[in-house]
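What the coordinates show
Listed below are the residues making up each chain.
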Amino acid sequence: MKLSNGYERLARNYTLLTDEYEYTMANGYLINGKEGDEAVFDVFFRKVPNDGGYAIMAGLDKIIPFIENLKFDERELAYFRRKGYSEEFINYLKNFKFSGDVYAIPDGTPVFPNEPLLTVKAPLIEAQIVETAILSIINGAMEHATGARRIIEAAKGIPVMEFGARRADGSEAAIDASIYGIMAGCVGTSNVLAADMLNLKAMGTMAHSFIESYDNELDAFMAYAKTYPDNCILLVDTIDTLRSGIPNAIKTFEYMKKNNLDVSHIGVRIDSGDLAYLSKETRKMLDAAGFSQAKICLSNGLTDKTIESLRSQGAIFDSLGVGDNISKPEGRMGCVYKEVAINGRPTIKLSNDAIKIVNPDFKKLYRAYDKESGYAIADIMTRQDEDINKSELLIVSPTDMLKRTVISNFELIRLQKPIFVKGKLVYDDPSIMEKRDYCNKQMMTMYPEVKRIEKPHGYYVDGTESYVNFKNEMIINAKKLVRKI
């Protein structure tokens, strides 16, 4: 998939980005005549990282070209010959082309545990082969996007810049952190490659080394101001923020004003120390010197919780630079890929833990919105032929039938969109910037209680009464079979 300036979003051939057992199973299906069986697999996660209330869907921009370009050339086939796979299997791979269907929730959508984010409906071998790549792409993308959005929500409208490339686990992750951070709502990135890929201007000013490279802090600030008078943001914590950095910044701004340089785009960045206290004192000093227009940027390992703490302490800031917790967010998505149907027959995976029992069948997934407030009420799973266009609807927890809710005065939106149909791409994937706008609008439909950082309200991911009854019947019948063995 092409991005701005002609970049290819997918630079590597991911055909062999698969666990070996995907191929041992695929070969087994072929040998045993099951290559024509049609399977349905769901991608979902069981728990929001960091005890959050939501996650952000992401990764379709990489999944789409992966599936479109999935083929086995001589380089890949040579691996299977080295492994001793049969020529029958190698010939099958030689002529391989994905021919199935893929349905997915659009990137930028807030999503929740145990609902199908992405569904693959395809010949069994094809559905099996794409598993690992899809999971690796979607897990990484959603971790970056979710981490970024939590920080953006904590900032309460203050612009957040993504600064995480140097903290990422490798160059691919550095690019992804920047792109999915922007997709989730960051105003920009310091990553020049990612910015160029998106046809944006990278954001950034100086590091402490710039100041250390001059005889003194004031000389460094003056040199920077003369070079970049139209964007003079000075890093003020190299020596002492309040006794050196801010006084020298003020002297620099006074020099700029005296010499008729533009002082409408001046500011300071604080990257260490007690950010709440320092920001308040900095604001007083800048205002007293006549530079109320000077902006304050805070950085230094910020998380959603530290940002919320800063706000509660009355910190004063105009923007935030966040790196670590977008490029390497705490907690992992843990998305899984589970079979839910084979040849039109629903399948189910049981567990002693109710939350780990898979929601079976090739399902439909809807989001119900309150017609008056516009807020999302619940996500609802149904069977394919079920009609739920009703004035009132009983929804039931798939893990506890005693948890039942009647909703009314709602509008239903089908969440999953067709991406591939019979192997053909039918989805016009929006640009990252369009996805950012969409994500911002979608987050406005979430109740504030769901977005809360501490102890968020649990969002309903339910089924219709008919669907939950069907699931429980499958569980009972599966357990009866176990007792007979």
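Okay, so let's go over this structure.

Calculation notes
- What you see as residue numbers is a count from 1 along each chain, following the sequence as written.
- Restriction of local features to residues with pLDDT of at least 70 applies here, the model being predicted, together with a cutoff of 80 or more for giving and counting side-chain atom pairs; totals for whole chains, interfaces and linings are based on all residues.
- With hydrogens and water excluded, all non-hydrogen atoms of the structure serve as input to the side-chain values.
- In short, DSSP must find at least two bridges between two strands for them to pair.
- Numbered from the N terminus, helices here are DSSP runs of H or I no shorter than four residues, and strands are runs of E no shorter than two.
- Residue contacts are defined here by distance: any two heavy atoms, one from each residue, within 4.5 Å place the two residues in contact.
- Axis angles are defined between N-to-C directions and span 0 to 180 degrees, where every axis is a line fitted to C-alpha atoms and, for a helix, only to the segment in contact.
- Accessible area is worked out with a 1.4 Å probe on protein chains only. A residue is then buried under 20% of its type maximum, exposed over 50%, and partly exposed in between.
- Charged residues are defined here as Lys and Arg on the positive side and Asp and Glu on the negative side; His and the ends of the chain fall outside this count.
- Salt bridge, as applied in this entry: a Lys or Arg side-chain nitrogen positioned within 4 Å of an Asp or Glu carboxyl oxygen.

Glancing now at the sheet that holds strand 9 (residues 266-270). If you trace the 6 strands from one edge of the open sheet to the other, you get 7-6-11-10-9-8, paired in parallel fashion. What marks the edges here is a single partner per strand, and that holds for strand 7 (188-189) and strand 8 (232-235). Looking at chain direction, strand 6 (residues 160-162) and strand 7 are connected through 2 bridges and run parallel. Note on strand 7: the bridge partner recorded for Met161 is Gly188. Set on the sheet, helix 11 (residues 241-258) makes contact with strand 8 and strand 9; between it and strand 9 the angle comes to about 165°.

Let us now look at the pairing of strand 1 (residues 38-44). The element strand 1 is largely enclosed, with a buried count of 6 among its 7 residues. With 6 bridges joining them, strand 1 and strand 5 (residues 118-123) adopt antiparallel strand pairing. Looking at strand 5, one finds that Ala39 is bridged to Ala122. Summarising the sheet, strand 1 and strand 12 (residues 336-342) pair through 6 bridges and their orientation is antiparallel. Each residue of the ladder has a partner; that of Val43, found in strand 12, is Tyr337.

Our next topic: the side chain of Asp462. Along the polypeptide, Asp462 turns up in strand 21 (residues 460-464). The buried charged residue Asp462 lacks any salt bridge partner; its closest oppositely charged side chain belongs to Lys403, at an N-O distance of 8.6 Å. In this view, Asp462 contacts Asp379, Ile380, Met381, Ile395, Val396, Ser397 and Pro398; residues no more than four positions away in its chain are not counted.

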